[in-house]
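What follows is each chain in one-letter form.
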Amino acid sequence: MMDKSRFFISLSLSALAALPAIAVNDSPAASADSYTLISRQLVSANPSVMAQKSEAEAELLELKSSNNLSDPEISVVQLWGDQGAGKKLDVGISQSFDWPGAYRARRRAINAATKATTLLDLSNYADRMIEAKQLLIDLSYHIQHVSTLSSMLKGMDDLYEVIKEGYRQGEQTLLDLKRLEIERVSMRARYTTCLSDIASARAAIRSFAPDIDLASIEPLISRFPEEKLLSEADYEAQVDEFDPMVRYYNALTEEVRHKGEADRLAASFPGFSLGYDYQREAGVNFHGFSASLSLPFFSRRNVKASAAATSLATSYQRDAARLERVMAIRSAYAAGKNLTAQAAEYDEVIHQSPTYADLLKKALDGGQIDAQHYLQELDFYLSFIEESLEVNYNRAKVMADLNRYSLD
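As the structure is a prediction and not an experimental result, all values here were calculated from the model.

Participant: Help me understand the side chain of Arg404 in this model?
Facilitator: Locating Arg404 in the fold gives a position in the segment after helix 12 (371-402). Residue Arg404 is classed as buried on the basis of its relative accessible area of 18%. A polar contact is formed between the side chain of Arg404 and the side chain of Asp401, at a distance of 2.6 Å. Among residues more than four places away in sequence, those in contact with Arg404 are Asp127, Ile130 and Arg325.

Below, the structure written as structure tokens:
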């Protein structure tokens, strides 16, 4: 019966030999493109993204209407004279406008503001894309973990049946059987916890995008996305070229500069008002034009200093945003570099020939280990597989952040 036990245990170990394929990210279906496409689906179904987009459109419309002429003014005056002098009617319409150069400066400011608003909306969209991809990576990790534990649990269940039969026939001890029962309970508890983690990850995605069809998505994220680690210099160069928040502050700086110029012109040069005037007095009609000039003696005070201060503050905000992003990239790059090296080491050990599962099988077939030793080695092997999965998971999270500009 001992030979039979070893035969069934060998079958269990044969099933465990498939575990490296579960733990290692080597499936073409797990391309970065598939994650990007799914992330877009999630973001397009995200209510907050749709709200932000509507707000951005409203802001753009408001900006475009801010450079119009002021509304025309209409005045009506009805006078009555004393002692039968009769009535007098005065009707006028006038239009006020600033110095012409101010309108040109405002138009340039509006163009820059429109660009800034668009980039801010793009920055919000990019943040949601990263959030969506991270949620998908979380779900992928728990799915792979469950798959790993499921294979291990099946092998342990097969072994339990063999040991239980051996105990009935007096060829296995009660201690062996009890130990295996404890191991099975522990493994099932870990498996149940992982199932709960999957449920939580699915709930997080549904909260992000309520109408998404998870059943059609999950087969595409059974592996982590394959993403190449670029050089630190390449990632830093992408900040100025692609980072929407840095580009937003560049556009905002331009807007503030043009707006300051418009305010300076409006405060430094006179404004005008032209109008038509109609009067009727004692049965006689009078027609004429009116013109007025506003002299900026007081309104220009501190305008130039205020514009300069605002421009300086915006440039500081831009530099701070860029520095924050660059420092985040440097930190993520250091982590990504280390995790990439670790993942390669785990991958090499798992795939080297003969594999650890092969060696364990040979040891069991050759009678070099017993069931108790097998359980110890099984737990050791599972821990190693889980460590490899965790390293690849952490790397996928870091790489998603580093390669955020490829999500568009």
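Participant: Explain a positive patch on the surface to me, please; I cannot follow it from the model alone.
Facilitator: Positive charge collects at one region of the surface, where Arg104, Arg107, Arg108 and Arg257 lie side by side. Summarising the element assignment, Arg107 is placed in helix 5 (residues 100-168). In this structure Arg107 comes out as partly exposed when scored by relative accessible area, which is 45%.

Participant: How should the nonpolar core be read in this particular structure?
Facilitator: The nonpolar side chains of soluble globular proteins are, as a tendency, buried together. Counting residues in each nonpolar core, the largest one holds 52 residues, and the members touching the most others are Leu42, Leu136, Leu139 and Ile205. Elements with a contribution of two residues or more to this core: helix 3 (32-44), helix 5, helix 6 (174-208), helix 7 (214-217), helix 11 (356-365) and helix 12. For this core, the leading source of residues is helix 5, giving 16 residues. Setting aside residues up to four positions removed in sequence, Ile205 forms contacts with Leu42, Leu135, Leu136, Leu139, Ile212 and Leu214. Core analysis: the second largest hydrophobic core is formed by 15 residues, Val246, Ala343, Tyr346 and Tyr405 among them.

Participant: Help me understand a nonpolar patch on the surface, please; the structure alone is not making it clear to me.
Facilitator: Together, Ile74, Val76, Ile93, Tyr276 and Phe289 give the surface a local cluster of nonpolar side chains, amounting to about 580 Å² of exposed area. Structurally, Ile93 is set in strand 2 (residues 87-97).

So, how was this worked out
Residues numbered from 1 in each chain as written. Predicted model: local features only at pLDDT ≥ 70, side-chain atom pairs only at ≥ 80, totals over all residues. Heavy atoms only, no water. Helix = DSSP H or I, 4+ residues; strand = E, 2+ residues; numbered from the N terminus. Buried < 20%, exposed > 50% of the residue type's maximum accessible area, 1.4 Å probe, protein only. Polar contact = N/O pair within 3.5 Å; in protein donor to acceptor, adjacent residues only side chain to side chain. Contact = heavy atoms within 4.5 Å. Patch = residues over 30% accessible without salt bridge, like charges linked within 9 Å, V, L, I, M, F, W, Y side chains within 5 Å. Areas by Shrake-Rupley, 256 points an atom, 1.4 Å probe, with all protein chains shown as cover. Salt bridge = Lys/Arg side-chain N within 4 Å of Asp/Glu carboxyl O. Lys, Arg positive; Asp, Glu negative; His and termini not counted. Charge placed at Lys NZ, Arg CZ, Asp CG, Glu CD. Core = buried A, V, L, I, M, F, W, Y, C linked by side-chain atoms within 4.5 Å.

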